[in-house]
Amino acid sequence: MKGISKIMIAVILGTALVAAGGLAPAASPNGTGDSPAMGIHRTQGQAQVGNITIFYETFGPADRETVLLIAGAGAQMTMWSDELCEELAGRGYHVVRFDNRDTGLSTHLDHLGRPDWVEFFTAVSEGRTPPVPYTITDMANDSVGLLDALDIERAHIAGASMGGVIAQRIAIHHPERACSLTLFSSETGNPEMPGPTEEFLALPPPPPAGSDVETIVEHEVLVAGALGSPAYPTDEEVIREYTLSNIERGGYDPIALERHSAAVMADGDRRELLKRLNLPTVVLHGDADPLVPVENGYDLAANIPGAELTVVPGMGHDIPVQLEPAFADAITRAATNATCESKPAQDGTIRWTLPVFPAGPRLFDVRT
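What counts, and where the lines are drawn
Residues numbered from 1 in each chain as written. Predicted model: local features only at pLDDT ≥ 70, side-chain atom pairs only at ≥ 80, totals over all residues. Heavy atoms only, no water. Helix = DSSP H or I, 4+ residues; strand = E, 2+ residues; numbered from the N terminus. Expected span 1.5 Å × (residues − 1). Buried < 20%, exposed > 50% of the residue type's maximum accessible area, 1.4 Å probe, protein only. Axes fitted to C-alpha atoms, helices over the stretch in contact; angles between N-to-C directions. Parallel < 35°, antiparallel > 145°, perpendicular 65-115°, else oblique. Contact = heavy atoms within 4.5 Å. Salt bridge = Lys/Arg side-chain N within 4 Å of Asp/Glu carboxyl O. Polar contact = N/O pair within 3.5 Å; in protein donor to acceptor, adjacent residues only side chain to side chain. Phe/Tyr/Trp six-rings, centres within 6.5 Å; stacked < 30°, edge-to-face > 60°. Core = buried A, V, L, I, M, F, W, Y, C linked by side-chain atoms within 4.5 Å.

Caption draft 1: Inspection of helix H9 (residues 254-265) at higher detail. With twelve residues, H9 extends 17 Å from end C-alpha to end C-alpha; this agrees with the ideal 16 Å at 1.5 Å per step. Counting buried residues along H9, ten of its twelve residues qualify, which places the element largely inside the surrounding structure. Looking at H9, one finds that the buried residues are Pro254, Ala256, Leu257, Glu258, Arg259, His260, Ser261, Ala262, Ala263 and Val264.

Caption draft 2: Spatial organisation of the packing of helix H3 (residues 117-125) against H9. It is at 12 Å that the axes of H3 and H9 come closest, and there the two elements cross at 5 degrees. With respect to each other, H3 and H9 are oriented roughly parallel. When H3 is examined against H9, the residues Trp117, Phe120 and Phe121 are found in contact with a partner set consisting of Glu258, Ser261, Ala262 and Met265.

Caption draft 3: Local environment of the pattern of salt bridges. Following the criterion strictly, the structure yields 24 salt bridges and no others. A salt bridge links Arg270 to Asp267, with the nearest nitrogen and oxygen atoms 2.7 Å apart. For Arg271, the salt bridge identified is with Asp269, shortest N-O distance 2.6 Å. Relative accessible area serves as the criterion here: at 24%, Arg271 is assigned to the partly exposed category. Owing to a relative accessible area of 36%, Asp269 belongs among the partly exposed residues under this scheme. Through salt bridges with shared partners, a single network forms among Arg42, Glu57, Asp82, Glu86 and Arg97.

Caption draft 4: Representation of the side chain of His156. Position of His156 among the secondary structure elements: in strand E6 (residues 155-160). Polar contacts involving the side chain of His156 include one to the side chain of Ser180, which spans 2.8 Å. In this structure, His156 is in contact with Glu65, Thr66, Val67, Leu68, Tyr93, Cys179, Ser180, Ala335, Ala338 and Cys340, ignoring residues within four places of it in sequence.

Caption draft 5: Examining unusual backbone geometry more closely. Unlike most non-glycine residues, Asp102 shows phi in positive territory, near 75 degrees. Examined against the element boundaries, Asp102 turns out to sit in the loop between strand E5 (94-98) and H3.

Caption draft 6: A look at the packing of aromatic side chains. Under the criterion given, the structure shown has five aromatic pairs. Within the aromatic cluster, the residues linked to one another by ring pairs are Trp80, Phe184 and Phe327.

Caption draft 7: Here's a closer look at the nonpolar core. Formed by 45 residues in total, the largest nonpolar core has its most connected members in Leu68, Ile157 and Leu181. Among the elements that take part in this core, helix H5 (residues 162-173) stands out by supplying seven residues, more than any other. The contacts of Ile157, once residues within four sequence positions are left out, are Leu68, Ile70, Ala167, Ile170, Ala178, Ser180, Leu181 and Thr182. Judged by nonpolar contacts, the second largest core, of 32 residues, contains Ala160, Val312, Ile319 and Ala335.

Caption draft 8: Structural detail: helix H7 (residues 213-227). The terminal C-alpha atoms of H7 lie 21 Å apart, and with 15 residues this matches the ideal 21 Å at 1.5 Å per residue to within 8%. Along H7, the residues that are buried comprise Ile216, Val217, His219, Val221, Val223, Ala224 and Leu227.

Caption draft 9: Inspection of the environment of Met315 at higher detail. Within the secondary structure layout, Met315 lies in the loop between strand E9 (308-312) and helix H12 (324-336). Taking the C-alpha atoms as reference points, Met315 and Tyr232, 83 residues apart in sequence, are found 6.9 Å from one another.

Purely spatial values, then, with no claim about function.
See below:
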């Protein structure tokens, strides 16, 4: 049980991707507006996807190619800062960010309760599929359902941490919907890859729901410090402001983070499925990531044909404001090598054009 407890602390405490800097204001449903800084049109809304309501926000005209941004475990859509979204819109894209199920202003599935961790790890040890409240594939289907609701046929898919796993599942199960793939701080599910550092595992678990706000904020500051980029530090006051903004916007839900964590851990080894992908892919990973060590980024790029790999010195498991241009560059590079157009076949059906990307991961320098 001691080993299980250590793993639980890692996944429950650490899989949320902390994104400090460029804070997004609290959002309300069905709003519209413009960014005063860049004159970029913004809309907000709610989409019904099965029995889940997904809250989303868009940047830029809807008639452009779309970039769909998928957040990490426990993270609200605000982990993708206004500035990063506006940067991508300024480069000519229609940008969509959204709250995954169980986060922010999207549906919280409180009735599903906490995962049964004892049964989960018992099933794993016996080679059985572990029971989970929902799967990563369910969350990938949420994303595709949002595209349907917004009448978007295809998109450039970008995800960070758990969002990168969701993005992989979209490309695997819905290849006709993905023009390109950009994966930040993510992994393949390869059980041979290294896990969180001992220092990270030594952190205390998150405070329970109902804790006072200051206790929650101090814990988030502690976790952010452990996950953050040594070469690109974020001021503690910025992290506090970001955390308070998210609590005011979408609450604090550590049990939902456990459900996200269970979904990630149960998703299994995706390498054989990833080897069948045929779309431009960029992998960006920090060499100082304490949660998903950089070896996972190399493994991810090596298992997707033609994937480009960018390793950022001194970057941890976050999106520091100093590196937002590098994140935008990675998405743009994948999108530039893709085609998002569909071609009518002679029989009147739609067949998607999937580009062939040269095989073999390649290293690129990062611009900050």
